[in-house]
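Structural features, examined
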Amino acid sequence: MLTGIALTAGRADGFDFAISKGGLAPNEIFDSATSPPARYLLEVGRRILKAAPSADVLVVANPLLPLRAQQLAGWLNDGVTCPGIVSDEKDFPLLYVLPRRLFEEMERYLLLLSTVDAGIDARLLEGLLGQQVTCRRSSNIRIGSYPLSNASGWFQGAERQKILKVLAANAINIIGKKPHWRRLPFAVYHPYHAGSIVFFAAASRDMTTPLFERHIVCSTYRDIMAVADSRLEPLWLKLTWLPRDGSVGEPQYFAHALDRLGDDVVQDNFIVFMRYSRSTGTSPFHLIDHDRFSLGDSIDSVAKTRQVQPPLHKQACKLPATPLKVLFHVTGGLPIKNYPVQYCKEVIRTLSVLGIAVTVIGRPDLVPFGACSIDADETEPLMAAVEAHHIFIGLDSFPHHFVRNVMGWPTIGLFGTTTAANFGGGWHDHYRSLSEGLPCHPCGSETDCPVFGHAECLNYVKPPQLLAAIFEMASQVYGYQAG
Amino acid sequence: MVRVLAFFDTRYQSSADMLSLTGTADPWARLREARPASRQHFALNQPSTLGMYDLADPQAAARVVAMARGAGIDGFVVDCRWAGGTYVTGAQVLAPATGESFGLAFQWRNGDENFWREPADRETRAGRAAALMAALKAGQPTAVAGRTLLIVDRPKELAEPAETLALLRSAAAGAGLPGLYLVANRAEDKGRFLSAGFDALIDPGPAEWHSCGPSNRPTGLDFLEVMAGLKDSVEYLDKFFPYLLFAVSRMINREQRGKVLPRVFPAFHDWAFHPEGGATHLVAPGNKAVDTYWYGLFVENAMLHTHEHFTAGEQIVFLDSWNGWLEGSQVEPSLLDGDLVYNATRDAIDRGRYVIRTREGLPEGGLAAEMRERIRLLCDAARSIS
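Cut-offs applied
- Residues numbered from 1 in each chain as written.
- Chains lettered and ligands numbered in written order.
- Predicted model: local features only at pLDDT ≥ 70, side-chain atom pairs only at ≥ 80, totals over all residues.
- Heavy atoms only, no water.
- Helix = DSSP H or I, 4+ residues; strand = E, 2+ residues; numbered from the N terminus.
- Contact = heavy atoms within 4.5 Å.
- Buried < 20%, exposed > 50% of the residue type's maximum accessible area, 1.4 Å probe, protein only.
- Arc of directions from axis to C-beta.
- Domains from an automatic or database assignment.
- Buried area = accessible area lost by both parts, 1.4 Å probe.
- Salt bridge = Lys/Arg side-chain N within 4 Å of Asp/Glu carboxyl O.
- Polar contact = N/O pair within 3.5 Å; in protein donor to acceptor, adjacent residues only side chain to side chain.
- Expected span 1.5 Å × (residues − 1).
- Axes fitted to C-alpha atoms, helices over the stretch in contact; angles between N-to-C directions.
- Parallel < 35°, antiparallel > 145°, perpendicular 65-115°, else oblique.
- Nonpolar A, V, L, I, M, F, W, Y, C, P; charged D, E, K, R; others polar.
- Pairing = 2+ DSSP bridges.

Residues and elements named next belong to chain B. With respect to the secondary-structure elements, Ala-272 resides in the loop between β11 (263-264) and β12 (280-283). Separated by 22 residues in the primary sequence, Ala-272 and Trp-294 have C-alpha atoms spaced 25 Å apart. Among all residues touching Ala-272, those that are not within four sequence positions of it are Arg-30, Leu-44 and Leu-326.

Right, dumping it as structure tokens:
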């Protein structure tokens, strides 16, 4: 629940919103996993101003808390002034009382609010507004230790909260020290992984109201940024990406990242944490739309989601339709993420019988079944390989995201432990995603199947469905008819 | 568009025709009075927001339908039972609340009648079929392929399936119905139900089709321990299933079972119908009666499956149930769960509908059936030599 109140010439109008599960009704707000709580605070303010355009003051509840407008009214009656913050007895913010000019003239600076420390946020607001901010503690509630993850979909445990506090404190420092702070750029902190870099780049190309100019990215992804056509200027982070094995935590990595970025970057950019703050699996929206919301678009109707619109660009192979050539990337790094090896063999054998040339990336073990194996670890050889084939078939990993969203190539996505809606989505003649649609996914497992204990995922489609999709796409894009 | 139809028990009403069927003026008594016989039985839940309604009250019926529509449900499936002279659905009380966006479908409880198991002359059977069709004329029907949907609960208990179905279709035409879309309550088309005249099948309920093995497999020693009073008898007499495995098993390899529409359910434990043992219990992770996360995925993925595998107009997911209080499968808000299950249902339907919308950009015209068959045969061959 997200909520707020418009105060207009002494009248109070409450507005309750829900985080959308897909309908994006007028009282629903887009569910973006990459948006920090402050992004939702900003959005609630936007919505209230739209509904109450003459409001003088906006009262916005902390998005991390499941509150309703009626509850806010109770706290407001205790005589909070604007600008002000009401917190629990341990300084966890409950609500913000903000002048409309903050939303109209300085909207993006709201993204800097920690939403977890009223003292820090009050100082930040004082710097932004140039006036005193009242802080009042409510003695009748204590939020306590915020859980690692909660029923509303947030994961903002104590360690993650430190990140939000550090970045808010850094913004206070910038505003205090730099007279020209209003001219400093905003930077997205989402430095990894490769697929996410592709999604942010695609989102930046598809923006109507961008709030950011820069993107902190691991320098190992220079090759991706060089071709991904991001509208955000990269700030290179000379640190390898976060290992996926859990050996380094996100907050630990973040601390290293600030060190590596150096004072110049940290003090000349308003940095906003946009790694995941919420679970992706509970939202039906594609990550590109998650990122568009993070970057500033409201996406307040289904029609505005990228996945129901035609793709931004499409390309296709310039070779003759015959012989048809297909390129596979079927290795996810772990057995549970790989397209099952037996399925691979069946698909390759069948395609070969039908006279179709099959190439696989990094799988010499599949050569005896009729495939040609190539290496394409870098972006350049990947692009060259894709351009030499009519259709690309990939798993939920970087090559798939790149080929689909950067190259616009005819692509089939294979989904097992993750959700096509989040990482595939949006069907048209150049794209479709396939899965068995089992109710156990997304399990996100990185070991064995949590339901059956198998090493391989049963949610991957069987060979006949994949082959049918290949032939359908070949026919629709290239006019190919199987012999 | 994929429609979600929820099974609905109309017996919660004080109307005269329902009284003739149930013989009780207090339809909620059984729920109020049911007591678990074991600590392993989940307690039955009780209604909260909608209360113990009397559907004979038009306002109560309208509230029920409005709440179901609010969750994204497109209609109810109500039972049609023989009451010894006529068929009773109890659907008349819902009729004023139905319309274009919320319709009624029916489930014929033919297993309650000996009549259709035994031979009878055609005229008598035609008369009985006409009575059945007359009972289906209540409210706005849920049109499937332009026809009224009727589930046959016990298709194997029809003495002459093909002839009976033809009789029903003829009676429907005579009754002025737009035709029948007949669905057999069977998990797979092994008995050639489709060739007998059924239009589709529906996954049976959890008690009728155990889609995976139970987690309790009592041994002879268990039996002796139960008899000696050393162990809870339900461990021997009842069957317990992990909810997630049970749900996933129903969705695996569906295409091999034929044209079967999915049935989804948030929870299930029917001990109230099995006082002597033999109940089916679904147990969610954490030994809970219901887990809304996995249930939501069950609903959402069933919708996606139906969208991809059934033709437009026939895309239906059956939700079991709206008010199956005695089996713990209710979606209605309850005292123990509040609106958790209701909200999970609404959210899952919302998610499913959104994802389906993202898939509508695909050009018309799939692969020809001949090519699909060729692919299948080639894959079979490839599998055998790989």
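Once that is clear, we can look at helix α2 (residues 69-76) of chain A. All names here are of chain A. When we look at burial in α2, the residues that qualify are Ala-69, Leu-72, Trp-75 and Leu-76. Buried positions in α2, seen along its axis, are confined to an arc of 110 degrees and lie on one side of it. Along its buried surface, α2 packs onto β1 (2-8), β2 (11-19), β4 (57-61), β5 (84-87), β6 (93-99) and β7 (134-137).

Attention shifts here to unusual backbone geometry. All names here are of chain A. In the segment running from Cys-82 into Pro-83, the intervening peptide bond is cis, with an omega of -5 degrees. By the element assignment, Pro-83 lies in the loop between α2 and β5. With an omega dihedral of 0 degrees, the bond running from Thr-322 to Pro-323 counts as a cis peptide bond. Residue placement: Pro-323 occurs in the loop between α9 (287-295) and β12 (325-329). Although it is not a glycine, Asp-229 sits at a positive phi angle of roughly 60 degrees.

The subject of this paragraph is the domain arrangement of chain A. Residue and element names in this part refer to chain A. Parsing chain A into structural domains produces domain 1 (2-138 + 154-308) and domain 2 (325-478). The distance between the C-alpha centroids of domain 1 and domain 2 comes to 35 Å. With 20 residues of domain 1 at the interface, the matching set in domain 2 holds 17 residues. The contact between domain 1 and domain 2 buries some 1,400 Å² in all, and 59% of this surface belongs to carbon and sulfur atoms.

It is worth spelling out the interface of chain B and chain A at this point. Taken together, the contacts link 41 residues of chain B with 50 residues of chain A. Both faces combined, the contact of chain B with chain A buries some 3,900 Å², and carbon together with sulfur accounts for 65% of it. Along the contact surface separating chain B from chain A lie two salt bridges. Between Glu-472 of chain A and Arg-372 of chain B there is a salt bridge, and its shortest N-O distance comes to 2.8 Å. Here chain B is connected to chain A by eight residue pairs in polar contact (both at pLDDT 80 or more). Listed by contribution, the elements that provide at least two residues to the side of chain B that touches chain A are α9 (243-251), α10 (292-309), α11 (340-358) and α12 (369-385) of chain B.

As a further point, take the pattern of salt bridges. In this structure the tally under the stated criterion is 56 salt bridges over all chains. Across the pair Lys-162 of chain A and Glu-159 of chain A runs a salt bridge, and its minimum N-O distance is 2.9 Å. Of this pair, Lys-162 of chain A and Glu-159 of chain A are both found in helix α5 (residues 158-177), three residues apart, which corresponds to roughly one turn of the helix. What makes Lys-162 of chain A partly exposed here is its relative accessible area of 44%. Overall, the relative accessible area of 44% leaves Glu-159 of chain A in the partly exposed class. Ionic pairing is found between Asp-79 of chain B and Arg-81 of chain B, a salt bridge with its closest N-O pair at 3.2 Å. Each member of the pair, Asp-79 of chain B as well as Arg-81 of chain B, carries the same accessibility label: buried. A cluster of three or more residues bridged by salt bridges with shared partners is formed by Asp-79, Arg-81, Arg-109, Asp-112, Arg-117, Asp-153, Arg-154, Glu-157 and Glu-208 of chain B.

The next point concerns helix α4 (residues 118-129) of chain A. All names here are of chain A. The terminal C-alpha atoms of α4, which comprises twelve residues, lie 16 Å apart, in line with the 16 Å expected from a rise of 1.5 Å per residue. What α4 keeps buried is the set Ala-118, Ile-120, Asp-121, Ala-122, Leu-124, Leu-125, Leu-128 and Leu-129. Near the N-terminus of α4, the side chain that reaches the backbone nitrogen of Gly-119, with its oxygen 2.9 Å away, is that of Asp-117. In the segment just after α4, Gly-130 is the residue with positive phi, at about 70 degrees.

Residue and element names in this part refer to chain A. Packing of α5 against helix α8 (residues 250-268) leaves a shortest axis separation of 10 Å and a crossing angle of 10 degrees. On the basis of their axis angle, the class for α5 and α8 is roughly parallel. Mapping the contact onto sequence places Glu-159, Arg-160, Ile-163, Val-166, Leu-167, Asn-170 and Ile-174 in α5 and Glu-250, Pro-251, Phe-254, Leu-258, Val-266 and Gln-267 in α8. For the contact of α5 with α8, a count of residues per class yields eight nonpolar, two polar and three charged.

Turning next to the pairing of β12 of chain B. Residues and elements named next belong to chain B. Where burial is concerned, the two faces of β12 agree: the one with Thr-280 and Leu-282 and the one with His-281 and Val-283 are both buried. Where strand β9 (residues 239-242) meets β12, four bridges bridge the pair, whose relative direction is parallel. Note that in β12 the partner of Pro-242 across the bridge is Val-283.

Before going further, it helps to spend a moment on the sheet that holds strand β14 (residues 372-374) of chain A. Residues and elements named next belong to chain A. Read across the open sheet, the six strands follow the order β14-β13-β12-β15-β16-β17; overall the sheet is parallel. Of all strands in the sheet, those with a lone pairing partner are β14 and β17 (431-434), marking the two edges. Neighbour to neighbour, the strand axes of the sheet diverge by 20 degrees on average, direction disregarded. Examined bridge by bridge, β12 and strand β13 (residues 357-361) share four bridges and lie parallel to one another. Considered in β13, the bridge of Lys-325 is made with Ala-357.

Next up on the list: the pairing of β1 of chain A. Residue and element names in this part refer to chain A. Along β1, six of the seven residues are buried, which leaves the element largely enclosed by surrounding structure. Of the pairings in the sheet, the one linking β1 to β2 comprises seven bridges and is antiparallel in character. If you follow Thr-8 over to β2, its bridge partner there is Arg-11. In terms of strand pairing, β1 meets β4 through four bridges, oriented antiparallel. By the bridge assignment, Ile-5 is partnered in β4 with Val-59.

All names here are of chain B. Secondary-structure assignment places Thr-306 in helix α10. The exposure class of Thr-306 is buried, given its relative accessible area of 0%. Contact partners of Thr-306, with chain neighbours within four places excluded, come to Leu-261, Pro-262, Gln-315, Ile-316 and Val-317.

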